[in-house]
Amino acid sequence: MVTPRPVGEPAEAGRSTSQLVSQAAEQISTLVRDELALAKAELAEKGRRAGLGGGLFGGAAALALYGLGLTIVLAVVVLDLAWPLWLAVLVVTVVVFAASGVAALLGRRQLKAATPITPQETVASVTADVDAVQTAVREGRAS
């Protein structure tokens, strides 16, 4: 037999503890599923962008490699007009290796700046959810 609840009393007051625990378990399960779906969608979007960017970057790098090779040959030919061929090749080789070292250091710095790769929106949302549950549990124990 269900007794009518007084006006102003919460609806949960008429429910048993097992019903409230069951409802909380269902809500937590739904919350976890929703957070996982959000994380999956966020990571999928980041993956698509990274894939497209990587493909375009790879194509640009291939074309730039051909252009760089032609520029290096041109530098050797121009220096060969003033110096012996072996010296022209040596100077161009040293310049190319120096440029590659600088590019490697700059690339390393950029990679460090890009990490960590985490779904930040999902982490913030889960943190807020945990805080809300902890607050509700504390308030529930206090009353």
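The structure we're discussing is the one just above.
Just so it is clear, the model here is predicted, and its values are computed rather than measured.

### Concerning the overall build of the protein
Then, number 1: Scanning the protein for helices and strands turns up 3 helices and 0 strands.
Then, number 2: Overall, the protein shows an N-to-C arrangement of helices and strands of α-α-α.
Then, number 3: Taken across its 143 residues, the protein has 6% of its residues classed as buried.
Then, number 4: Long-range pairs, those at least 24 residues apart, make up 53% of the contacts in the protein with a sequence separation of at least 6.
Then, number 5: Summing over all exposed atoms, the protein offers an accessible surface of approximately 11600 Å²; the carbon and sulfur share of this is 70%.

### Quick word on the pattern of salt bridges
Then, number 1: Inspection of the entire model under this criterion finds 2 salt bridges.
Then, number 2: Across the salt bridge formed by Arg49 and Glu45, the nearest N and O atoms sit 2.9 Å from each other. In this pair, Arg49 and Glu45 are both assigned in helix H1 (residues 17-80), 4 residues apart and thus about one turn of the helix distant.
Then, number 3: The class of Arg49 is exposed, set by a relative accessible area of 62%.

### Thoughts on the side chain of Glu42
Then, number 1: Checked against the element boundaries, Glu42 lands in helix H1.
Then, number 2: Polar side-chain contacts of Glu42 include one of 2.9 Å to the side chain of Thr122.
Then, number 3: Contacts of Glu42, omitting those with residues within four sequence positions, involve Pro119, Gln120, Glu121 and Thr122.

### Concerning the packing of H1 against helix H2 (residues 85-113)
Then, number 1: One way to put it is that H1 packs onto H2 with a least axis distance of 8 Å and a crossing angle of 140°. As the angle between them shows, H1 and H2 are arranged oblique. Viewed along their axes, H1 and H2 form a crossing whose handedness is right-handed. Counting all contacts with H1, which are made through Ile72, Ala75, Val76, Leu79 and Asp80, the residues of H2 involved are Leu85, Ala88, Val89, Val91, Val92 and Val96.
Then, number 2: Of the residues belonging to the contact of H1 with H2, the class tally is 10 nonpolar, no polar and 1 charged.

### Observations concerning H1
Then, number 1: The terminal C-alpha atoms of H1 lie 91 Å apart, and with 64 residues this matches the ideal 94 Å at 1.5 Å per residue to within 8%.
Then, number 2: The set of residues buried in H1 consists of Glu35, Ala39, Glu42 and Val76.

### A look at a nonpolar patch on the surface
Then, number 1: Together, Ile28, Val32 and Leu36 line one region of the surface with nonpolar side chains, adding up to about 280 Å² of accessible area.
Then, number 2: Position of Ile28 relative to the elements: it lies in helix H1.
Then, number 3: Looking at Ile28, the relative accessible area reads 45%, which means it is partly exposed.

The rules behind the values
Residues numbered from 1 in each chain as written. Predicted model: local features only at pLDDT ≥ 70, side-chain atom pairs only at ≥ 80, totals over all residues. Heavy atoms only, no water. Helix = DSSP H or I, 4+ residues; strand = E, 2+ residues; numbered from the N terminus. Buried < 20%, exposed > 50% of the residue type's maximum accessible area, 1.4 Å probe, protein only. Contact = heavy atoms within 4.5 Å. Areas by Shrake-Rupley, 256 points an atom, 1.4 Å probe, with all protein chains shown as cover. Salt bridge = Lys/Arg side-chain N within 4 Å of Asp/Glu carboxyl O. Polar contact = N/O pair within 3.5 Å; in protein donor to acceptor, adjacent residues only side chain to side chain. Axes fitted to C-alpha atoms, helices over the stretch in contact; angles between N-to-C directions. Parallel < 35°, antiparallel > 145°, perpendicular 65-115°, else oblique. Left-handed = near helix turned anticlockwise from the far one by under 90°. Nonpolar A, V, L, I, M, F, W, Y, C, P; charged D, E, K, R; others polar. Expected span 1.5 Å × (residues − 1). Patch = residues over 30% accessible without salt bridge, like charges linked within 9 Å, V, L, I, M, F, W, Y side chains within 5 Å.

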